[in-house]
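A look at the structure
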Amino acid sequence: FAFIYPFFITEEINRLEQKFLELIQYNVTVKSSLYAKYYFELRALFKSENEFPLRPLDAYEASRLEARSAEVQKSEMERAEKMSLTYNEKTVKSRARAIIN
């Protein structure tokens, strides 16, 4: 993106990315087939196996990545929800509710 639009500074790109993620509610799953496709395309760009910085995920690493991603997605969704509440919604949520019989 920065290569195509060099007049954007890094902070602006970061804000655009943040807003984009909020708008899609941090739903950024990648199918394994798409991951594999790009993994092998990137790998083909290198002259030798030793130069390629990435390695395939084993089952253990994949499960750790899934768990970490789920944690971050949950916390970011909660943060985005808090940021999207109106003043009245925030006030109502923070007040004690009275029960009238």
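Here, every reference points to the structure presented above.
The residue numbering used here restarts from 1 in each chain and proceeds along that chain's sequence as written. Given that the model is predicted, a residue must reach a pLDDT of at least 70 before its local features are reported, and side-chain atom pairs must reach 80 or more before they are shown or counted; all residues, however, enter totals for whole chains, interfaces and linings. Each side-chain value is worked out from all heavy atoms of the structure, with water and hydrogens disregarded.

1. A few points about the overall build of the protein chain
Basically, it comes down to this: Helix and strand assignments come from DSSP, with helices taken as H or I runs of at least 4 residues and strands as E runs of at least 2, each series counted from the N terminus. Remark: exposure states derive from per-residue accessible area (1.4 Å probe, protein chains only) relative to the maximum for the residue type, with buried under 20%, exposed over 50%, and partly exposed in between. Residues count as neighbours in contact if any of their non-hydrogen atoms are within 4.5 Å of one another. Per-residue accessibility takes into account occlusion by the displayed protein chains alone, with areas from the Shrake-Rupley method and a 1.4 Å probe.
The helix and strand tally for the protein chain stands at four helices and zero strands. The order of helices and strands in the protein chain, counted from the N terminus, is α-α-α-α. Taking all 101 residues of the protein chain together, 7% fall into the buried category. Here the analysis covers contacts within the protein chain between residues at least 6 apart in sequence; of these, 35% occur between residues at least 24 apart. Carbon and sulfur atoms provide 59% of the accessible area of the protein chain, an area that totals close to 9600 Å².

2. A closer look at the pattern of salt bridges
Note the threshold: Definition used for salt bridges: Asp or Glu carboxyl oxygen within 4 Å of a side-chain nitrogen of Lys or Arg.
By the definition in use, this model includes two salt bridges. Close ionic contact of Glu61 with Arg64 constitutes a salt bridge, the shortest N to O distance being 3.3 Å. In this pair, Glu61 and Arg64 both sit in helix α3 (residues 59-84), three residues apart, roughly one turn of the helix. Here Glu61 falls in the partly exposed class, since its relative accessible area comes to 23%.

3. Looking at the packing of aromatic side chains
Note the threshold: Pairing of aromatic rings covers Phe, Tyr and Trp, the last counted by its six-membered ring, and requires centre-to-centre distances within 6.5 Å; plane angles under 30 degrees mean stacked, over 60 mean edge-to-face, and any other angle means tilted.
Here the structure, examined in full by the defined rule, presents three aromatic pairs. Relative to Phe8, the ring of Phe7 has its centre 5.0 Å away and its plane inclined at 35 degrees; by these criteria the two rings are tilted. For Phe7, a relative accessible area of 60% translates into the label exposed. Relative to Tyr39, the ring of Tyr35 has its centre 6.3 Å away and its plane inclined at 20 degrees; by these criteria the two rings are stacked. With Tyr35 and Tyr39 both in helix α2 (residues 32-44) and four residues apart, the pair spans about one turn of that helix.

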